[in-house]
Amino acid sequence: INHIVEGIDYKEILSRIYEPFDNTFDFSMFFILRSIWVSRDKGYHSFIITNKWLRARYGKKIRKFLKENLTIKKVIDFNGIRVFVGATVDTLVYVIQKKKPERDNLIFYNHPLSWDSIEQGGYKVKQSSLSDDVWNFVNEEMEEIKKWIEKVGKPLKDLDVEIYRGITTGFNEAFVIDNETRKRLIEEDPKSAELIKPLLRGRDIGRYYAEWDKLYLLYIPWHFPLHNNKITGASKKAEEEFKKQYPVVYNHLSKFKDKLMSRNKEETGIRYEWYALQRFASDYYPEFEKPKIVWQEIVRKPSFYLEQNKVYGEATSFIMISEKIDLKLLLIILNSQLSWSAILLYGTNLGDGTARYKKAYIEKIPIRLPKNPKYYENLADYLLFLNATEERRQKLKEMIEFFDRQIADSLVYELYFKEKFAKDGLYPEPKEYLLEAVSKHLKPINYDRWAELYWKKQLKGELTNEEEEELYTLEKGNLETIQEVYKSIKQDIEIKELIEKIKSHEWVRVIEGGN
């Protein structure tokens, strides 16, 4: 619309007419406002329209306006379902009545499995329960669970953790290099090695594992190598010094200069030099060198991994560090089924079986810390070790599923819901009975040293004979210990009965899709 007549800013005109207004509005927002405007009092208004405004930042003002001023009767969200042939935009149908909402107004909501069953499986949602940040239509049972985990846990952002996004290059073809290019750059000038960092992309990260694709990042901050000189704006002096100190890397990037210059034209060559990364994590790049939890943004299930080998992350990934809270404990909680339900409550369900794990969403997940995290750490070691290679993930699939979905998930349910279990007669007291029973079988393994050697072999290409022997011994010993623990837990009738109790609870069945 805004390009029909050159030189006319339609949004500026519409901003004088409509309230609420936000300059980030999609034009569809004005159609909603106009239709409400021309509707009679207590009349009905309905559209089939894009569904992005339910969750996108630009829709925040209109979500707040609708929630506070109109009665929402029905929302049918076709997220992930292609209603119109040839159209890729996800759509929804809503029905709104032009009158102030009553306090207990219920919205009929459905996310149908197909376009020809639009009201099958729907449920009622309190209009007052909708958040201004994101409209996630939560049924009554999930609303109860949400209130409970918020009562017993603290939002992740209130704990001693920091969350950061990976590096944005602006043009990966120039800055992300393969192993052959790395070798060539270092052979031509050994000093080039100072700028080369091993790199994980979001898609390289899985659930308790990472498959490194032998890719590297040319880490070049703004104004490099004079980046500590308080330079403002693109610096010719910095470029000359870069060319002088790192001629081979400079020549490599020069091949892409035209494309690098066209990255972000408001900044490249103005705020920073053409050869620098678009966003180089100026305030937090040292955190990539620390042990950290890493994950990719869009996933079909929780996929968090503990990275301890100074590998950097690219923009489709995030990292989490903590100096005080054990990362292995957080790993178990964040990879749990309860965590998946929580991210669907606080974040964005993309409708095709995926969810978005952005910082703004994940930091809202309530975390309940146990008094003794040691046994969760043992489990994390088992799952990290078992998932480390594709061969193990296939060969030991049943064992992995048992420790992950039966033991770890059930322990997280017990950690959060033990008081509820006691209140509902499932447990005699609000205690961690399953943890007590499982702890009798758990034995520590030396995962950290094994992982150090395993990753050193990947990153450096080889180990000494002594290190190879140590790696083999650790691998054999760790696997034997895990297999022994697996066998003993499987034979424990008390543990089996406790897991069955936990999985039978109404809230757990709701979370796991049993209701």
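For the structure given in this document, a descriptive report is provided here. What you see is a predicted model; the values in this text were computed from it and never measured. (Residues numbered from 1 in each chain as written. Predicted model: local features only at pLDDT ≥ 70, side-chain atom pairs only at ≥ 80, totals over all residues. Heavy atoms only, no water.)

The helix and strand tally for the protein chain stands at 20 helices and 20 strands. Principal axes of the C-alpha set define a box for the protein chain whose edges measure 80 × 70 × 40 Å. Considering only contacts within the protein chain whose residues lie at least 6 apart along the sequence, 69% involve residues at least 24 apart. A gap of 4 Å separates the mean positions of the 85 positive and 82 negative side-chain charges of the protein chain. (Helix = DSSP H or I, 4+ residues; strand = E, 2+ residues; numbered from the N terminus. Contact = heavy atoms within 4.5 Å. Lys, Arg positive; Asp, Glu negative; His and termini not counted. Charge placed at Lys NZ, Arg CZ, Asp CG, Glu CD.)

Turning next to the nonpolar core. Core analysis: the largest hydrophobic core is formed by 142 residues, its most contacted members being I362, F403 and F417. Among the elements that take part in this core, helix α15 (residues 397–423) stands out by supplying 13 residues, more than any other. Those residues in contact with F403, other than ones at most four positions away along the chain, are L379, Y382, L383, L386, A408, I482, V485, Y486 and I489. Judged by nonpolar contacts, the second largest core, of 28 residues, contains F30, L66, I72 and I96. (Core = buried A, V, L, I, M, F, W, Y, C linked by side-chain atoms within 4.5 Å. Buried < 20%, exposed > 50% of the residue type's maximum accessible area, 1.4 Å probe, protein only.)

Let us now look at the pairing of strand β3 (residues 91–97). Taking burial as the measure, the 7 residues of β3 include 5 buried ones, the bulk of the element. As paired strands, strand β1 (residues 44–50) and β3 are joined by 7 bridges and run antiparallel to one another. Directly across from F47, in β3, lies its bridge partner Y94. One ladder, built from 6 bridges, connects strand β2 (residues 71–77) with β3; its direction is antiparallel. (Pairing = 2+ DSSP bridges.)

The subject of this paragraph is the side chain of H441. Note on placement: H441 falls in the loop between α16 (433–439) and α17 (447–460). What H441 contacts, discounting residues up to four positions off in sequence, is V485, S488, I489, D492 and I495.

Right, let's get into the sheet that holds strand β7 (residues 162–165). Taken in spatial order, the 4 strands line up as β7-β17-β13-β15 in an open sheet, and their pairing is antiparallel. The sheet is open, and its two borders are formed by β7 and β15 (304–307), each paired with just one other strand. The mean inter-strand angle of the sheet, taken between neighbouring strand axes irrespective of direction, is 30 degrees. Here β7 runs beside strand β17 (residues 317–321); their pairing, made up of 4 bridges, is antiparallel. Looking at β17, one finds that R165 is bridged to F318. (Axes fitted to C-alpha atoms, helices over the stretch in contact; angles between N-to-C directions.)

A few words now on unusual backbone geometry. The omega angle of the peptide bond from F224 to P225 is 5 degrees, so this bond is cis rather than trans. When you line up the elements, P225 lands in the loop between β12 (215–218) and α7 (236–245). Despite not being glycine, K214 shows a phi value in the positive range, around 55 degrees. Here K214 lies in the loop between β11 (209–210) and β12. A positive phi angle is found at K310, which is not glycine, with a value near 60 degrees. Relative to the helices and strands, K310 resides in the loop between β15 and β16 (312–313).

Our next topic: the pattern of salt bridges. This structure, assessed with the given rule, holds 32 salt bridges. The partner of K292 in a salt bridge is E307, and the shortest N-O contact between them spans 2.4 Å. Linking K292 in strand β13 (residues 292–296) with E307 in strand β15, this pair joins segments that are 15 residues apart in sequence. Residue K292 shares its accessibility class with E307, and that shared class is buried. When the shortest N-O distance is used, the salt bridge between E390 and R393 registers 2.9 Å. (Salt bridge = Lys/Arg side-chain N within 4 Å of Asp/Glu carboxyl O.)

As a further point, take the sheet that holds β1. As summarised here, the arrangement of the 5 strands in space is β1-β3-β2-β4-β5, forming an open sheet in which the pairing is mixed. Each edge of the sheet is formed by a strand with only one pairing partner; in this case those strands are β1 and β5 (123–126). Strand-to-strand twist in this sheet, taken as the mean axis angle between neighbours without regard to direction, amounts to 20 degrees. Sheet analysis places strand β4 (residues 106–110) next to β5, joined by 4 bridges and oriented antiparallel. Looking across to β5, one finds that L106 is bridged to K126. The sheet strands contacting helix α2 (residues 28–38) are β1 and β3, and the helix crosses β1 at an angle near 170 degrees.

Quick look at helix α13 (residues 374–386) now. Think of an α-helix as turning once every 3.6 residues; residues three or four places apart then point the same way. For α13, built from 13 residues, the straight-helix expectation of 18 Å at 1.5 Å per residue is met to within 8% by its first-to-last C-alpha distance of 19 Å. Buried residues dominate α13, accounting for 11 of its 13 residues. Every buried residue of α13 is accounted for by Y375, Y376, N378, L379, A380, D381, Y382, L383, L384, F385 and L386. (Expected span 1.5 Å × (residues − 1).)

Right, let's talk about helix α3 (residues 60–69) for a bit. Turning to α3, its buried residues are I62, R63 and L66. One side of α3 holds all its buried residues, which, seen down the axis, span an arc of 105 degrees. Contact partners of the buried residues in α3: α2, β2 and β3. (Arc of directions from axis to C-beta.)

Another point: the pairing of β12. With burial as the criterion, each face of β12 is covered, one bearing L215 and L217 and the other bearing Y216 and L218. By the bridge criterion, 3 bridges tie strand β8 (residues 176–178) to β12 in an arrangement that is antiparallel. Bridge pairing in β12 places I177 opposite Y216.

Bringing a negative patch on the surface into the picture now. The grouping of E436, E494, E497 and E500 at the surface amounts to a negative patch. Among the elements that make up the negative patch, the one with the highest residue count is helix α19 (residues 493–504) (3 residues). Within the secondary structure, E436 sits in helix α16. (Patch = residues over 30% accessible without salt bridge, like charges linked within 9 Å, V, L, I, M, F, W, Y side chains within 5 Å. Areas by Shrake-Rupley, 256 points an atom, 1.4 Å probe, with all protein chains shown as cover.)

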